[in-house]
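Analysis of the macromolecular model
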Amino acid sequence: MFFGISHLVLPCSDLEKATHLWRDVIGFRAARSGEGYVDIDTGSALLRLLQVPKVESQTSLRLQVADVAQAYQSLLAAGSSSRYAPMRTPELEEMACVNDADGHAIVLWRALTEDEWGFVPELPKQGEWAADAEDLLQRLLAHVPAFFRMLARRKTTRVIEQLAQEAHSAVTREWVIKGYITASAKVTRFRLIEPLRAEGINPDDYRAEFDDE
């Protein structure tokens, strides 16, 4: 019966000014127009700018952006007013907010990368780990690009704990090194050589792990 949300309707007192903001400043495409309205293609839903005699209630829209500060300054330069400047939130996001000419709130946001969190996430470990083993893995994982690090943390921790469990052992530095290598696809293991050397570990001592299928 229901097919999904086709439009979000944004009432505006000056259709031309609103169209300029969303099309020319923000950069979305005007998909369709008619008497008293312009449909803006945001890439995920259509935003219908609807001319009204008077805007009686304001709404809030969230825009995901690559650079919050730059987007914030662009909207201010285009005549929007600041509601709050770029800030970091407890939800690990960077956000800012402006009001358009009709008082609608435009929230600008992006997710912070793990390198920007200000803390190192705990390992999703379950077994018994030596303190120096955990510290070593955290340092090795710091070499993984932030975008892939969460996945690498989960997979590597699981592989390490499996190796230690099969040996009926607690997780030691040796299991961390072996699991760190074998958790990575063989074709990409050459990238692990420098992180290992940075920790004073000779990769040649682990040829079996580098060659493991």
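Now for a quick tour of the structure. Since we're looking at a predicted model, the values are computed, not measured.

Turning to the overall build of the chain, a few remarks are in order. From N to C terminus, the chain includes seven helices and eight strands. Relative to the globule expectation of 17 Å for 213 residues, the C-alpha radius of gyration of the chain, 26 Å, shows a markedly less compact shape. With the principal axes as the frame, the chain shows a C-alpha extent of 75 × 40 × 30 Å. Counting every position in the chain, which comprises 213 residues, the buried fraction comes to 38%. The contacts in the chain between residues at least 6 apart in sequence include a share of 51% that link residues at least 24 apart.

Applying the stated criterion to the full structure yields three aromatic pairs. Seen in terms of ring centroids, W22 and F28 are 6.3 Å apart; in terms of plane orientation they differ by 15°. Their pairing is stacked. By relative accessible area, W22 is classed as buried at 1%. With centroids separated by 5.2 Å and ring planes inclined at 90°, the aromatic side chains of F147 and F148 adopt a geometry described as edge-to-face. Residue classification places F147 among the exposed positions, given a relative accessible area of 74%. Over the face of the ring belonging to Y37 we find R48, whose NZ or CZ atom lies 4.2 Å from the ring centre.

Once that is clear, we can look at the side chain of S80. Relative to the helices and strands, S80 is located in the loop between α2 (68-77) and β6 (81-88). The class of S80 is buried, set by a relative accessible area of 9%. In contact with S80, not counting residues within four places along its chain, are L21, L75, V98, N99 and D100.

The rules behind the values
Residues numbered from 1 in each chain as written. Predicted model: local features only at pLDDT ≥ 70, side-chain atom pairs only at ≥ 80, totals over all residues. Heavy atoms only, no water. Helix = DSSP H or I, 4+ residues; strand = E, 2+ residues; numbered from the N terminus. Rg over C-alpha atoms; globule rule 2.2 N^0.38 Å. Buried < 20%, exposed > 50% of the residue type's maximum accessible area, 1.4 Å probe, protein only. Contact = heavy atoms within 4.5 Å. Phe/Tyr/Trp six-rings, centres within 6.5 Å; stacked < 30°, edge-to-face > 60°. Lys NZ or Arg CZ within 6 Å of the ring centre and 35° of its normal.

In short, shape yes, function no, at least from these values alone.
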